[in-house]
Amino acid sequence: MDLTSVALFAVFIFLLVLLALVLKRPGRNDLNITSRSLEGKTIIVTGAEQGRGIHITLELAKKKARVIMACADENKGKTARQNIVQRTGNTDIVVQHLDVSMMSSVRSFVTLFKLHEKKLDIFINNEEMISILKKMTNERFEMVFAANYFGPFLLTHLLLALLRRSQGRVVNVGSVLPSSTVLDCGNLKAEKSFHFPRFYESKLAMLIFTKELAKRTINSGVVAAYVNAGPTQTELCQDISWLFLLFQSIYSGQGLKSATKGARSVLFCALDDSVQTFGYCIDGQLMDHTPSVPVSVYDEGLAKKLWEVSERLTGQSDVMGELNARLAKRGRVE
């Protein structure tokens, strides 16, 4: 690449950044995060060893919660834990390995969690993967969908009994979604194609899953909520995905957030009493319903199909069906 091309590319990036700043809509800097103690509460945070996950864990630790830091990189997790303990004095912070893109790792995580923990009050699906290159896991899942959707789907299912017992809360971290985003249940593992909007498709799947989960657990006391935390500067990116994040920040009008601000958006959704099942949060504000999103979010047939295909691909039995069958025997069908 010659100097002229480099200069033009630099100008292009500068204009994109400037556009992101101009279009950025005002956000809330005073999010109403509860000040009450979380002592006695057990919380799982995925992707807790980096960026936003560290700040989420830090704030929960300040409130005396027991936090399970689910980390793909245990060494980074241990370093983050040490810093959090030093800053908060809360030693009830546990680092546990979890590669959410691997279904075998998800199952191992849950087995170990249930061995040592008796309850689960809040589960935050914070882990994210952004890549514009097609990469497959050893289990033949496409990496972006594996980390952003299939892993959280399976993890939620395997933890659902504990969440129901405590009438807990599931918080799925999502993204702004272009209205043109579509979901093909026959291409969830990139069987047909892999293209640039793959990240958005994985987040659309997460949103549809959240809505369907809320529907299927409506009388159980479980709260299933979705938060658009906005693109943050420290998300897990590969190849040249930082450019993708820049475009995303322009499209959303939220700008590239610091990890701290992104964390506070998630914490509002996880802790605020105003958040009901299928609550949709943006910048600490609870929307009456999903804002401008693809029409497929309201397609009940698609939601049912996605659920069934996801169960089959992850090797997960119909947990909700089994639980409802047990309740039916007790005369309490949901």
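As annotated in an unreviewed UniProt entry, the chain carries the name Retinol dehydrogenase 11 and comes from Magallana gigas.

Trainee: So, the UniProt feature "transmembrane region" (unreviewed entry) in the chain: which residues are in play, and what are the values?
Mentor: As annotated by UniProt and renumbered to match this structure, "transmembrane region" (unreviewed entry) occupies residues 6-23 and 143-163. Across residues 143-163 one finds 100% helix and 0% strand; the C-alpha atoms that close the span lie 27 Å apart.

Trainee: If you had to explain the packing of aromatic side chains to someone new, which residues and values would you point to?
Mentor: Here the structure, examined in full by the defined rule, presents twelve aromatic pairs. Between Phe145 and Phe150 the ring centres are 6.1 Å apart and the planes differ by 50°, which places this aromatic pair in the tilted class. Side by side, Phe145 and Phe150 carry an identical accessibility label, which is buried. Taken together, the aromatic side chains of Phe141, Phe145, Tyr149, Phe150, Phe153, Phe209 and Trp307 make up a single cluster linked through ring pairs.

Trainee: Help me get a handle on the packing of helix H2 (residues 51-62) against helix H3 (residues 74-88), residues and values and all.
Mentor: For any two helices packed against each other, the geometry is given by the interaxial angle and the distance between the axes. Contact pair H2 / H3: the axes reach a minimum separation of 10 Å and the direction vectors enclose 35°. The chirality of how H2 crosses H3 is right-handed. Contacts from Ile54, Thr57, Leu58, Ala61 and Lys62 of H2 reach H3 at Ala80, Ile84, Arg87 and Thr88. A class-by-class count of the residues in the contact of H2 with H3 yields five nonpolar, two polar and two charged.

About the criteria used
Residues numbered from 1 in each chain as written. Predicted model: local features only at pLDDT ≥ 70, side-chain atom pairs only at ≥ 80, totals over all residues. Heavy atoms only, no water. UniProt positions renumbered as here; feature names shortened; annotations may be inferred. Helix = DSSP H or I, 4+ residues; strand = E, 2+ residues; numbered from the N terminus. Phe/Tyr/Trp six-rings, centres within 6.5 Å; stacked < 30°, edge-to-face > 60°. Buried < 20%, exposed > 50% of the residue type's maximum accessible area, 1.4 Å probe, protein only. Axes fitted to C-alpha atoms, helices over the stretch in contact; angles between N-to-C directions. Left-handed = near helix turned anticlockwise from the far one by under 90°. Contact = heavy atoms within 4.5 Å. Nonpolar A, V, L, I, M, F, W, Y, C, P; charged D, E, K, R; others polar.

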